[in-house]
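# Observations on the three-dimensional arrangement
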Amino acid sequence: MFTAKDYRILLLSLGFLVAGYGCMLYDPVAQGFGPLTRWVAPPLLVAGFMLPVFAILGAGFTIPVSWSSLRRETWKHLSGFTVFVVALTTYLLTLEPTASVWDCSEFIATVYKLQVPHTPGTPLLLLVGRLFSMAAGSDVSRVAVCVNAMSALFSALTIYIVFYLIVYFGGKMTAAWQVSRSVIVMAAVGGSLCLAFSDSFWFSAVEAETYGPACFFTVLLLWLMLRSYDIPEALRDRWLVLIFYITGLGYCIHPMSVLILPVLPLVWYTRDRRLTWRNALVTAAAGMALIMVVNRVVAIGIFEFAFAWDRFLVNVVHLPFYTGVFALLAVLAGLVAWSVRRFPRARPYIWATVFLLLGFAPYLMLFIRSSHNPPIDEGNPENLPLSKAYMNRESYPTSPLLTGPYFDAQVTEVTAGRSMYYKTPTGYKIAGTLSDYRYDPARTTFLPRMYSNDPDHIKSYRRLAGLAEGEVPHFSDNIRFLFSYQLGYMYFRYFLWNFAGRESDVQGSDWLRPWDARRVAAQPQYENRARNQYWAIPLLLGIVGLVVQQRTDRKGFVINLFFFLLTGVILVLYLNSPPSEPRERDYIYVGSYMAFALWVGLGMLALARILPRRMALVLVSMLALAMPAWMAWQNWDDHDRTGRTFQMANARNVLDSCAPGAILFTGGDNDTFPLWYLQDVEGFRTDVRVVVLSYFNTDWYVNQLRRSYYDSPPFALTLTEKDYLQYGINDVLYVRPSVKGAIDLEKYLQLLHEEHPALRVQSVGGDAYNIVPSSFVRLSVDTAGMMHQAGYTPLPAVTFKVKGSYMTKNTLAFLDVVASNHWKRPVYFNFTSLHSLDLELTEHVIQEGQVYRLAPIEQAGEEPVVDTQLAYRNLIERADYTNLADANVYFNTEDYQARMIAPVRMSVNALAITLLRQGDRDRANNVLQAALDKLYPPHLDPGYAGLQAADLLQAVGEPDSARMLCASLFNYQYARVQASLREHREVDPLDRYLAYQSAELLHQLGQEEYKVRLAGLGV
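Residues numbered from 1 in each chain as written. Predicted model: local features only at pLDDT ≥ 70, side-chain atom pairs only at ≥ 80, totals over all residues. Heavy atoms only, no water.

If you look the chain up in an unreviewed UniProt entry, it shows as DUF2723 domain-containing protein from Dawidia soli.

## Quick word on the nonpolar core
If you look at soluble globular proteins, the nonpolar side chains tend to sit buried side by side. How we decide: In plain words, nonpolar cores are sets of buried Ala, Val, Leu, Ile, Met, Phe, Trp, Tyr and Cys residues tied together by side-chain atoms within 4.5 Å. Summary of the burial criterion: residues with accessible area below 20% of their type's maximum are buried, those above 50% are exposed, and those between are partly exposed, where the area comes from a 1.4 Å probe applied to protein chains only. We count a stretch as a helix when DSSP gives it H or I for four or more residues in a row; a strand needs E for two or more, and each element gets its number in order from the N terminus.
Grouped together as the largest cluster of nonpolar side chains are 259 residues, with contacts concentrated most on Y91, F665, F696, F814 and F829. Take this core: its biggest share by element is 21 residues, from helix α7 (residues 143-173). The next biggest cluster of nonpolar side chains, apart from the first, holds 56 residues, and it includes V101, F891, A912 and Y1010.

## Notes on the pairing of strand β7 (residues 663-666)
Cut-off, in case you're wondering: Two strands qualify as a pair provided DSSP detects at least 2 bridges between them. Crossover handedness is defined here as right-handed if the route from the first strand over the helix to the second strand goes clockwise, with the strands pointing away from the viewer.
Taking every second residue as pointing to the same face, both faces of β7 are buried, with I663 and F665 on one and L664 and T666 on the other. Relative to strand β8 (residues 689-692), β7 runs parallel, the two being bridged by 4 bridges. Looking across to β8, one finds that F665 is bridged to V691. Since β7 and β8 lie parallel, the crossover through helix α26 (residues 673-680) that links them has a hand, and here it is right-handed. Where β7 meets strand β16 (residues 827-829), 3 bridges bridge the pair, whose relative direction is parallel. Note on β16: the bridge partner recorded for I663 is V827.

## Digging into empty space enclosed by the protein
A probe matching the size of a water molecule, rolled over the atoms, marks out where space remains unfilled. Put simply, the rule is: Both cavities and pockets are sets of points on a 1 Å grid over the protein atoms alone; in a cavity a 1.4 Å probe fits but cannot get out, in a pocket the set is open with protein on both sides within 12 Å along at least five of seven lines, and lining residues sit with an atom within 4 Å of a point. Grid points are joined across faces, edges and corners, and a volume is the space filled by probe spheres set on the points. By the convention adopted, Pro, Cys, Tyr, Trp, Phe, Met, Ile, Leu, Val and Ala count as nonpolar, Lys, Arg, Asp and Glu as charged, and the other residues, Gly among them, as polar.
Counted according to the given criterion, the structure contains 2 cavities of 30 Å³ or more. Each pocket or cavity is described by its volume, and for the largest cavity that value is around 500 Å³. Elements that contribute at least two residues to the lining of the largest cavity include exactly α5 (103-113), α9 (199-205), α24 (613-639) and α32 (893-917). Here the lining of the largest cavity is built from residues that sort into 9 nonpolar, 6 polar and 15 charged. Here the second largest cavity is characterised by a volume of approximately 220 Å³. Looking at the second largest cavity, it is lined by 17 residues, and the ones nearest its centre are P375, W676, R689, V690 and Y709. Looking at the lining of the second largest cavity, the elements that each hand over two or more residues are α26, β8 and α27 (699-704).

## Here's the deal with the sheet that holds β7
Here we have 6 strands laid out as an open sheet, ordered β8-β7-β16-β19-β18-β20, and mixed in their pairing. Each edge of the sheet is formed by a strand with only one pairing partner; in this case those strands are β8 and β20 (865-866).

## Observations concerning the environment of Y164
We count it as follows: Working rule for contacts: check all heavy atoms of both residues, and any pair within 4.5 Å makes them a contact.
Within the secondary structure layout, Y164 lies in helix α7. The exposure class assigned to Y164 is buried, which follows from its relative accessible area of 14%. It is 9.9 Å that separates the C-alpha atoms of Y164 and L598, two residues lying 434 residues apart in sequence. Not counting the four nearest positions on each side in its chain, Y164 is found in contact with K76 and H77.

## What about helix α2 (residues 35-57)?
One turn of an α-helix holds 3.6 residues; hence residues three or four places apart share an orientation. Note the threshold: Given a helix with a known number of residues, its expected span is that number minus one, times 1.5 Å. Note that the bend at a residue is defined as the angle between axes fitted to the seven residues ending at it and the seven residues starting at it.
The terminal C-alpha atoms of α2, which comprises 23 residues, lie 34 Å apart, in line with the 33 Å expected from a rise of 1.5 Å per residue. At A41, α2 shows its strongest bend, of approximately 45°, with the proline P42 following within four residues. Following α2 by one or two positions, G58 adopts a phi angle in the positive range, close to 80°.

## Digging into the side chain of D6
Rules: Any N or O atom pair separated by 3.5 Å or less is treated as a polar contact, with the protein-specific requirement of one donor-capable and one acceptor-capable atom, and with residues adjacent in sequence counted only for side-chain atom pairs.
Looking at the element boundaries, D6 is found in helix α1 (residues 4-25). One polar contact links D6 to R238, side chain to side chain, over a distance of 2.7 Å.

## Some details on the packing of aromatic side chains
In plain terms, the rule: Classification of ring pairs rests on two measures: the distance between centres of Phe, Tyr or Trp rings, Trp counted by its six-membered ring, which must be within 6.5 Å, and the angle between planes, read as stacked under 30 degrees, edge-to-face over 60 and tilted in between. Note on geometry: a ring has a charge over it if NZ (lysine) or CZ (arginine) is within 6 Å of the ring centre and within 35 degrees of the ring normal.
Overall, the coordinates contain 61 aromatic pairs when judged by the stated rule. Judged by centre distance (5.6 Å) and plane angle (80°), the ring pair of F303 and F367 falls under edge-to-face. You can see F303 sitting in helix α13 (residues 277-315) and its partner F367 sitting in helix α16 (residues 363-371), a full 64 residues away along the chain. Neither F303 nor F367 differs from the other in exposure class; each is buried. Ring geometry for W338 and F343: centres 5.5 Å apart, planes at 90°, overall edge-to-face. Aromatic ring contacts, followed pair by pair, group F665, F673, W676, Y695, F696, W700, Y701, F800, F814 and F829 into a single cluster. Lying across the ring of Y112, R38 places its NZ or CZ 4.6 Å from the centre. The cationic tip of R502 hangs over the ring face of W497; the distance from NZ or CZ to the ring centre is 3.6 Å.

## Some words on unusual backbone geometry
Look at the link from T119 to P120: it is a cis peptide, with omega at 15°. Tracing the chain through its elements places P120 in the loop between α5 and α6 (123-133). We note that R685 has phi near 50°; this positive angle belongs to a residue other than glycine. A positive phi is found at Y710, a non-glycine position, where the angle reads about 55°.

## Let's talk about the packing of helix α31 (residues 868-877) against α32
Operational definition: To get an axis, a line is fitted to the C-alpha atoms, and for a helix only the part in contact is used. The angle between two axes follows their N-to-C directions and goes from 0 to 180 degrees. Crossing handedness: left-handed means the near helix sits turned counterclockwise from the far one by under a right angle, and right-handed means the same turn made clockwise.
One can describe the packing of α31 onto α32 by two numbers: an axis separation of 10 Å at closest approach and a directional angle of 145°. Every pair of crossing elements has a handedness; the one defined by α31 and α32 is left-handed. Contacts from T868, A871, Y872, L875 and I876 in α31 reach S907, V908, L911, T914 and L915 in α32. When grouped by side-chain class, the residues that make up the contact of α31 with α32 number 7 nonpolar, 3 polar and no charged.

## A closer look at a nonpolar patch on the surface
The cut-off we apply is this: Patch definition: residues with relative accessible area over 30% and no salt bridge; like charges joined within 9 Å; nonpolar side chains (Val, Leu, Ile, Met, Phe, Trp, Tyr) joined within 5 Å. Computed by Shrake-Rupley with a 1.4 Å probe, the accessible areas treat only the displayed protein chains as cover when residues are assessed. One speaks of a salt bridge when a side-chain nitrogen belonging to Lys or Arg is within 4 Å of a carboxyl oxygen belonging to Asp or Glu.
Taken together, the side chains of L401, L402, F446, F475, Y574 and L575 make up a nonpolar region of the molecular surface, amounting to roughly 590 Å² of accessible area. Within the element layout of this structure, F446 appears in strand β4 (residues 444-446). F446 gets classed as partly exposed once you look at its relative accessible area, which sits at 49%.

## Here's the deal with the environment of A797
Mapping A797 onto the fold places it in strand β14 (residues 797-802). Separated by 53 residues in the primary sequence, A797 and D744 have C-alpha atoms spaced 9.9 Å apart. Each residue touching A797, except ones within four places of it in the same chain, is listed here: R778, L779, S780, V781 and E858.

## Details of the pairing of strand β13 (residues 776-780)
Going residue by residue along β13, you find V777 and L779 tucked away on one face and F776, R778 and S780 left uncovered on the opposite face. Where strand β10 (residues 743-744) and β13 come together, 2 bridges link them in parallel fashion. Bridge pairing in β13 places I743 opposite V777. Alignment of β13 against β14, held across 5 bridges, turns out to be antiparallel. Residue pairing across strands places F776 opposite K801, the latter belonging to β14.

## Observations regarding the pattern of salt bridges
Summed over the entire model, instances satisfying the criterion amount to 27 salt bridges. In this structure, the salt-bridge partner of D687 is R685, at a minimum N-O distance of 2.9 Å. For the pair formed by D687 and R685, the shared burial category is buried. Each of E96, E207, R641 and R644 takes part in one network of salt bridges that share partners.

## Things to note about helix α4 (residues 74-93)
Note the threshold: The reported arc concerns the directions from the helix axis to the C-beta atoms and nothing else.
Over its 20 residues, α4 runs 28 Å from end to end, which matches the ideal 28 Å to within 8%, given 1.5 Å per residue. Every buried residue of α4 is accounted for by K76, H77, S79, G80, V83, F84, A87, L88, T90 and Y91. Seen end-on, α4 carries its buried residues on one side only, within an arc spanning 165°.

As structure tokens, then:
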């Protein structure tokens, strides 16, 4: 199948890969941060992964677009290039200038130094992103925008391929029509640009996320599959191998890329056959099986096989570590060589399988980089057990798919499941076993949707299904939840945002009906910029395209229907979403939006059939340009991120609020990743050790504290690695009160380490676990050796109270950190982490702005003590709020106004309240006036913090400032209430409350008309 020249190319590719991985493996710089890893290896590896494409295609392949084709179809190719340029220019003009929120900051931080991100890892994208980050040179402040530009480029390339897909399907659909090629081209322009300017696609295109590149690989695979119809028979086998190789590489970009695979059996089988529903169903089943093979056997099973072999050869035969890996590779190589010779007719499929496996080779980079123990090393996949867990995403919760319990189902039996192993210097040992839960059969169901027994989820289930307290769900409730919430709210609402219109960017906002007003606020400044009305025109065009394609090109229709369902409805069923999410998840289903955009273009083309031939080109062209232009105009103001940098300024404020050498506990992703970016990319405050409590339940993350990173020294923990083993006896420690009063923390930790039998209990199933013999834990304080702070005197001991009936490993690890620290390094929390542990901590912290310092104090009340001097310095003197003053920058509601700006305002209010209680009215006034100038510009929602600040301004004798701020809040909330009433929607309780309270405060300040205005609405 391959020629000598092809093998030479493959050998050259192997040489590049060996050289690149060798540079990484033997990088002498600490944590592998030397030039060999960061500058030499990435281009070598990317070249090594690209070269096999040329070997697979072979010398007989010619590029699909020849010079004669370019001359003959200039209009088509020029239009395609124009679409690409328009999309790329748009994305670059609206590009985020620094790291964005959520996973973007983590991705840039891991790209810059090739560290290990959260599973599934996206190793190939890390390498490509590293090439883009090199363009920043020595200017680290430019790294983020360079990596953001990578996402913009891949997104624009996606639009380029979508254009050609519409041309392809349009040509098939109009084969029997008398339609000029120019009409098809203009319809493709319209459909592809509608996707380019759609809400979700544009959002991901201007930030460093995986979805732009994943979309590119998805449509590239679809294009390759469709091209197989026209590929000469002699090259068809190579084409199949290429598809599988790109599939493997696509998985290393994002697993979403493989969702297009079920199209392949359909295309391959029906090339010379008539399409029937039987063929469609059989090939669909084969395609789903193909996805399972890639996701389960290749991505996970290979690692499980390798670990099983290695465990046997190391533990039983006493061979060196990784012997099983090399043995498995040798067996696979021998099996391939034998199969190629024994089954010559199956060679294309054998080679396709081989190159599919080779496409996963980028993951080797993550395992090598993890062995260097970089600061960001999520999952720590440096050995076989941890690599297997990383690929299997064992750190993420699972949900039932076909059968499972209702949320009220009782556990009837608990049995020991799979044994979980860890690596020791001499072999692999069992850390513990997973528990298999069996539920009451009467309370299990087919296709379980209401399965989670989380108390908050149960409340949501009851609310959404209309179930009273104590009422059990039935199958009808289960299906109602599936259609109303999982499909309706969590998918079709997002889908309609992109093709009908979006109400706002407030979480939970609805889609816009064609009869909904484009603007609802009485004044423009109170209108949410993300209110975008398309009057459902793209939706109607897509439906027309769907219907017409189904009637005229049945095969093309089924192909796109597969694409649409697999990345939409079927993905919804597979993910089985819980009843609440921390943020909107529209980006997950972007593949189905791409599929529908193909129908939008075909819908424009379908209009040509009912138009006079001379008018068809003119009218279709007008629609193809006008509709995307309208969408671009509607979406520009809320998708334009130029100038938005407050997320990084806020992260700097948080880090800079910490004392030198501090330990900062954070709660989760969004409040951690910007800090990682600043430390790992810009080198800012690397003396602060950021500890993520949501990761602190894992042994690998706790053990990372024992290493030094940058300017942060290691931790001398009391408990050892064995004590923190995952699936071990300290994962959950139940409170079993047997000691009066508080237990000594340091003695308790020592007894845990010694595995004292007094702390050991046997479960009904025979498993052992440790307990906490009291709900109170006392830690002694060396007051003489402790540096005294202004404002409090340290107690000789501090007592922590366990909140519930147990504490998890992250709480145990926190107590270990605090006890072993001996109050030497300052310990801080942000707001999220302060309430994330199983301990009552509020009475033991001092607020110093946006951070809370742990201190040996005990105070009454629910609010923490505020250190006014440090809080004033951190919030007023040193914090940078200049970006908020720019009215041209859009700060969306959920990510910025609710999650960043409002907490800062509340921290400032807490400082002012404390100053007032201390009788320092002048400084309280100074704080509030500074906040009024910096945190309450007219283009931002004042929110609840504004109401509180207005009340405080009245208290310090500033009635004019109080009136101004309160009037601004009232007008904003009045406009929201008015808009809800105008659209016949239920008024949000918070809007109602703030409008009423602000009117009441204005009434106290002598402004009667506001209560009258509110009463006029009937509220």
